[in-house]
Amino acid sequence: MSNPTNEPRGIAGHGAFFQPTDLSPEQAEKATEWVRKQVDRRTVDLGERMDDVRDHMWELEKDGEIIVHRITDAHKPVIVKTLFGWDKKIPTSQLWHHKSCGQCGNIPGYPTSLLWTMNGLGMVPGKDYLDETDQTSCTAWNYHGSGIGNVESLAAVFLRNFHQAYVSGKRLGHDAGHFFPLVHCATSFGNYKEIRKYLVESAPLRERVKKILAKLGRLVDGKIVIPEEVVHYSDWVHVMRNDIASKLQKIDVSNMRVTVHMACHYSKMVHEDAIYDPEVLGGNRAATGTGIAQALGAQVIDYSTWYDCCGFGFRHIISEREFTRSFTIDRKIKVAREEANADMMLGIDTGCVTTMDKNQWIGKAHEQSYTMPIMADIQFAALACGADPLKIVQLQWHASPCEDVVEKMGISWADAKKRFEAYLEEVKAGKIEYLYDPKLAASAAA
Amino acid sequence: MATYAEMVEIYEDIKSDFRYDHELNGCLNCGICTATCPSAQFYDYSPREIVQLLWTENVEQIYDAMQEKIWACAQCMTCAARCPFKNSPGGLVAIMREVAIKHGMQSAKDVLRPFGRVMLKLITTGNQLSPDMIQPDHFPDWGPNIQKVSGDLKILRKAIPMKTLQTTDTAWEVSLKTSVEMYTIWEMTGVLKQLETMDENLYDVIEDFIEEKREEYADWLEEQEDNKEDA
Ligand code: SF4
Ligand code: SF4
């Protein structure tokens, strides 16, 4: 590109003083080759500069400063490896469902598929897992979107919710620590890990939030409770993937072409804690989501923009939707359609599934008519295990053409829809089916 | 337009956040952060530029960037995962946003106006989002078929087989005690103060709401006491 007038001129996104490089396509290719290689591999190993916050957490516990909510044998943990080869303990039983507001509000098939799968594996509600009303959002969507909130408020919310998880078993006759939190949302997951780090590192922060927790009556022996691990639901799905496939799978999905979108707040925020598995994508990329798709026997198809964000943007999905939809169509939907010719895109998070699912129709206005069914890994798994597409997987809330996936799996969408509409009549008459005894949900007062 | 002294004060506020030293460790000016940044592809925004401004303590341009640029960031933290210096440009932006709010900057007020509904929901219920906020008329760009089965929202929510999810005005049922605990957190951490600076009307609505809920909870507690005495 020439600039005959020699006017100072910037490139969008690079600051006013940046100029075009005027490289030929070949030169540009060469110049960016190194960056692409870096992005594609686990070469971000920062070696000894990376500290494992859990080491400091154990020291604080030894000094009597905090209580660590431990993962015991009763939680039936499975050990996995994270980005730098560190161990992470994933509890597989006695789980406290820490729900996601975006999932529950918008993609309810996410948590229902998860609980349905747990039931299928023989987990007993009230003993092996608990879903209750005494919990709040992590408030991090709001924080990352608006800047309202602060480390202290995020920390107090984190400790309040996790304290509740710690004591939640009491009313059912279990010991403290019986239920271990399983965090459904990747933003909550990333945020809680970040906040745990700050809490472990900063004594003044601990002091300040301790005062708040004391006022709420949420200290144990005068101490704050910090979880041994922060565990995402996709971590659980990942370590249970072979059990899910071998014990529950009913439908052959080897004809399904699957692309996976890895959530930024799972793999890029406190990235040292994300699961990497040598058996999944050569251990080069975070393993969750892809691992379950492979275990079910689906064809996992790679695509060039796998590393990109979905365009959610926290505030952008609300108030700068042009960005959100342009990014998601250009960098995700279009690529998964044209390059990978996929049957679906699986997500492991709330914002990504919402963004990619809801922002396809608008593409028509820009002559970008690309469609791609979007759902969560666990929804796909539940379908493969024979769950009802509407009653359990709740695909009726999705805007993208998820019925195509259902049909390709050999299930009649029309029949399922008819069954569901008949069920709605029963619901109206008060005949509701539950995944667990609804009395278990009423945790706290009022 | 702020005076130079005010700009210095704003910069000092950013720098004194205890996360600052975590998030900024130097800068190679390599641009890896910008190369992987989704917002850099759409806006006149560059995480590298933000980091450079802070690193070189360019208080005037920092102030400028806080007028608009910092709100372009999508907070995906791709930059943080890639930076060879272990910086977090996205984390620095989060600090700058907080400071913009603290100083009541007009840019922050403008940007946050459409966020009022989420804020109201969050502060009063402890939930950030609810099914009744995601109705087709709020999101015409999501298309006419954002749901595959139409019907009364209440009934459709009742057909979700989890008791906690059978709600319409919160994402899940949040107990009153839980919400009341949240109010204490908001108060004690200065979040209500932030809100007051940003949007006084919204703050007033929220204050009234909180008061009402607290009374409701106090009544409920009293009722429990009475029941105990009767028993
Ligand atoms: S990646 Fe890090 S070192 Fe490179 S320009 Fe960005 S902030 Fe600076
Ligand atoms: S966090 Fe912000 S600055 Fe960093 S890559 Fe994402 S959008 Fe860009």
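Being a predicted model, the structure only gives us computed values, none of them experimental.

## Considerations on the overall build of chain A
The helix and strand tally for chain A stands at 17 helices and 11 strands. Each principal axis of the C-alpha atoms in chain A carries an extent, and together these give about 75 × 60 × 40 Å. Taking all 446 residues of chain A together, the buried fraction comes to 63%. Taking the contacts inside chain A whose residues are at least 6 apart along the sequence as the reference set, 76% of them involve residues at least 24 apart.

## Digging into the domain arrangement of chain A
Residue and element names in this part refer to chain A. Under the domain assignment used here, chain A contains domain 1 (51-233) and domain 2 (251-428). Here the C-alpha centroids of domain 1 and domain 2 sit 26 Å apart. If you look at the interface, domain 1 gives 37 residues, while domain 2 gives 36 residues. When the two sides are added together, the surface that domain 1 and domain 2 hide from each other amounts to roughly 3100 Å², 65% of it contributed by carbon and sulfur. Summed over the three residues of domain 1 that lose the most area to domain 2, namely L83, W116 and W141, the buried surface amounts to 19% of that side. Connecting domain 1 to domain 2 are 3 salt bridges. For E272, the salt bridge is made with K197, and the minimal N-O distance between the two is 3.0 Å. For the interface between domain 1 and domain 2, the tally reads 16 residue pairs in polar contact (both at pLDDT 80 or more). For the side of domain 1 that touches domain 2, the secondary-structure elements that each account for two or more residues are β2 (78-81), β3 (87-90), α3 (101-106), α4 (109-120), α5 (140-146) and α7 (186-201). For the side of domain 1 that touches domain 2, the element with the highest residue contribution is α7, accounting for 8 residues.

## Structural notes on the environment of B:R48
Considering the arrangement of structural elements, one finds B:R48 in helix α4 (residues 47-55). Linking B:R48 and B:L156, residues 108 residues apart in sequence, is a C-alpha distance of 47 Å.

## Regarding the site of ligand 1
Residues and elements named next belong to chain B. Within the structure, ligand 1 sits among C27, L28, N29, C30, G31, I32, C33, R48, V51, C83, P84 and N87. Elements with a contribution of two residues or more to the shell around ligand 1: α3 (32-35) and α4. Considering only residue class, the shell around ligand 1 consists of 8 nonpolar, 3 polar and 1 charged.

## A closer look at the sheet that holds strand β6 (residues 180-183) of chain A
Residue and element names in this part refer to chain A. An order of β5-β4-β6 is seen for the 3 strands of this open sheet, with the pairing classed as parallel. Either end of the sheet is taken by a strand with one partner, and the two such strands are β5 (129-130) and β6. Two elements, strand β4 (residues 95-98) and β6, share 4 bridges in a ladder whose sense is parallel. Within β6, the position partnered with H97 by the bridge is L182. Contacts from α4 reach β4, β5 and β6, with the element oriented near 165 degrees to β4.

## Observations regarding the interface of chain B and chain A
The partner chain A presents 117 residues to the 95 residues of chain B that form the contact. Scanning the region where chain B abuts chain A turns up 5 salt bridges. Its salt-bridge partner being A:R325, residue B:D141 comes within 2.8 Å of it at the nearest N-O pair. Connecting chain B to chain A are 35 residue pairs in polar contact (both at pLDDT 80 or more). Take the side of chain B that touches chain A: its biggest share by element is 9 residues, from helix α11 (residues 176-188) of chain B.

## Details of helix α14 (residues 350-358) of chain A
By the criterion of burial, α14(A) is predominantly enclosed, with 9 of the 9 residues buried. The complete set of buried residues in α14(A) reads A:T350, A:G351, A:C352, A:V353, A:T354, A:T355, A:M356, A:D357 and A:K358.

## A word on the sheet that holds strand β8 (residues 257-261) of chain A
All names here are of chain A. Strand order in the open sheet formed by 4 strands is β9-β8-β10-β11, and the pairing between neighbours is parallel. Two strands in the sheet have a free side with no partner beyond their single neighbour: β9 (299-300) and β11 (374-376). Here 3 bridges tie strand β10 (residues 344-347) to β11, and the two strands are oriented parallel to one another. Considered in β11, the bridge of M345 is made with I374.

## Considerations on the site of ligand 2
In the region of ligand 2, 13 residues are neighbours, and B:C37, B:C73, B:A74, B:C76 and B:C79 sit closest. Its residues assigned to classes, the shell around ligand 2 shows 9 nonpolar, 4 polar and no charged.

## Quick word on the packing of helix α1 (residues 4-15) of chain B against helix α7 (residues 89-102) of chain B
Pairs of packed helices are described in terms of their axes, by the angle between the two and the distance that separates them. Residues and elements named next belong to chain B. Following both chains from N to C, one finds α1 and α7 inclined at 135 degrees, their axes separated by 9 Å at the closest point. Classed by the angle they form, the pair α1 and α7 counts as oblique. Once α1 is placed against α7, the crossing between them reads as right-handed. Between α1 and α7, the residues in contact are I10, D13 and I14 and I95, M96, V99 and K102, respectively. For the contact of α1 with α7, the class distribution of residues is 5 nonpolar, no polar and 2 charged.

## Here's the deal with the side chain of A:K88
All names here are of chain A. Of note, K88 is situated in strand β3. A residue is classified by how much of its surface remains accessible, and K88, at 0% relative accessible area, is buried. When near neighbours in sequence (up to four residues on either side) are disregarded, K88 contacts R54, V78, I79, V80, T82, F189, E229, V230, V231, D235 and D273.

## Re helix α9 (residues 116-125) of chain B
Among the 10 residues that make up α9(B), 8 are buried, leaving the element largely enclosed by the rest of the structure. Of all the residues in α9(B), the buried ones are B:G116, B:V118, B:M119, B:K121, B:L122, B:I123, B:T124 and B:T125. Taken together, the buried residues of α9(B) touch α5 and α12 (316-319) of chain A together with α8 (106-112), α11, α12 (191-198) and α13 (200-230) of chain B. Phi for B:G126, located one or two positions after α9(B), is positive at around 85 degrees.

## Examining the pattern of salt bridges
Within this structure, the stated rule accounts for 42 salt bridges over all chains. Via salt bridges that share partners, A:D134, A:R160, A:R218, B:K177 and B:E181 belong to a single interconnected network.

## Looking at the nonpolar core
By size, the foremost hydrophobic cluster in this structure holds 219 residues, and its most contacted members are A:W236, A:Y266, A:F380, A:M409, B:I14, B:L54 and B:M66. Of the residues forming this core, the biggest block, 9 residues, is contributed by helix α6 (residues 151-167) of chain A. A:Y166, A:V167, A:V220 and A:V225 belong to the second-largest nonpolar core, a separate cluster that totals 5 residues.

## Some points on the packing of aromatic side chains
What the rule picks out here adds up to 16 aromatic pairs over all chains. For the ring pair A:F323 and A:F327, a centre distance of 5.8 Å and an interplane angle of 25 degrees mean the geometry is stacked. You can see A:F323 and its partner A:F327 sitting in helix α13 (residues 321-338), 4 residues apart, about one turn around the helix. Assigned by exposure class, A:F323 and A:F327 land together as buried. Between B:Y217 and B:W220 the ring centres are 6.3 Å apart and the planes differ by 5 degrees, which places this aromatic pair in the stacked class. A residue pair is termed a helical-turn pair when its members lie 3 or 4 positions apart in one helix, as B:Y217 and B:W220 do in helix α13 at 3 residues. Among the aromatic residues, ring-to-ring pairing joins A:F323, A:F327, B:F42 and B:Y43 into one connected group. Stacked on the ring of A:Y307, the Lys or Arg A:K268 has its end atom at 4.3 Å from the ring centre.

Conventions and cut-offs
Residues numbered from 1 in each chain as written. Chains lettered and ligands numbered in written order. Predicted model: local features only at pLDDT ≥ 70, side-chain atom pairs only at ≥ 80, totals over all residues. Heavy atoms only, no water. Helix = DSSP H or I, 4+ residues; strand = E, 2+ residues; numbered from the N terminus. Buried < 20%, exposed > 50% of the residue type's maximum accessible area, 1.4 Å probe, protein only. Contact = heavy atoms within 4.5 Å. Domains from an automatic or database assignment. Buried area = accessible area lost by both parts, 1.4 Å probe. Salt bridge = Lys/Arg side-chain N within 4 Å of Asp/Glu carboxyl O. Polar contact = N/O pair within 3.5 Å; in protein donor to acceptor, adjacent residues only side chain to side chain. Near = heavy atom within 4 Å. Nonpolar A, V, L, I, M, F, W, Y, C, P; charged D, E, K, R; others polar. Pairing = 2+ DSSP bridges. Axes fitted to C-alpha atoms, helices over the stretch in contact; angles between N-to-C directions. Parallel < 35°, antiparallel > 145°, perpendicular 65-115°, else oblique. Left-handed = near helix turned anticlockwise from the far one by under 90°. Core = buried A, V, L, I, M, F, W, Y, C linked by side-chain atoms within 4.5 Å. Phe/Tyr/Trp six-rings, centres within 6.5 Å; stacked < 30°, edge-to-face > 60°. Lys NZ or Arg CZ within 6 Å of the ring centre and 35° of its normal.

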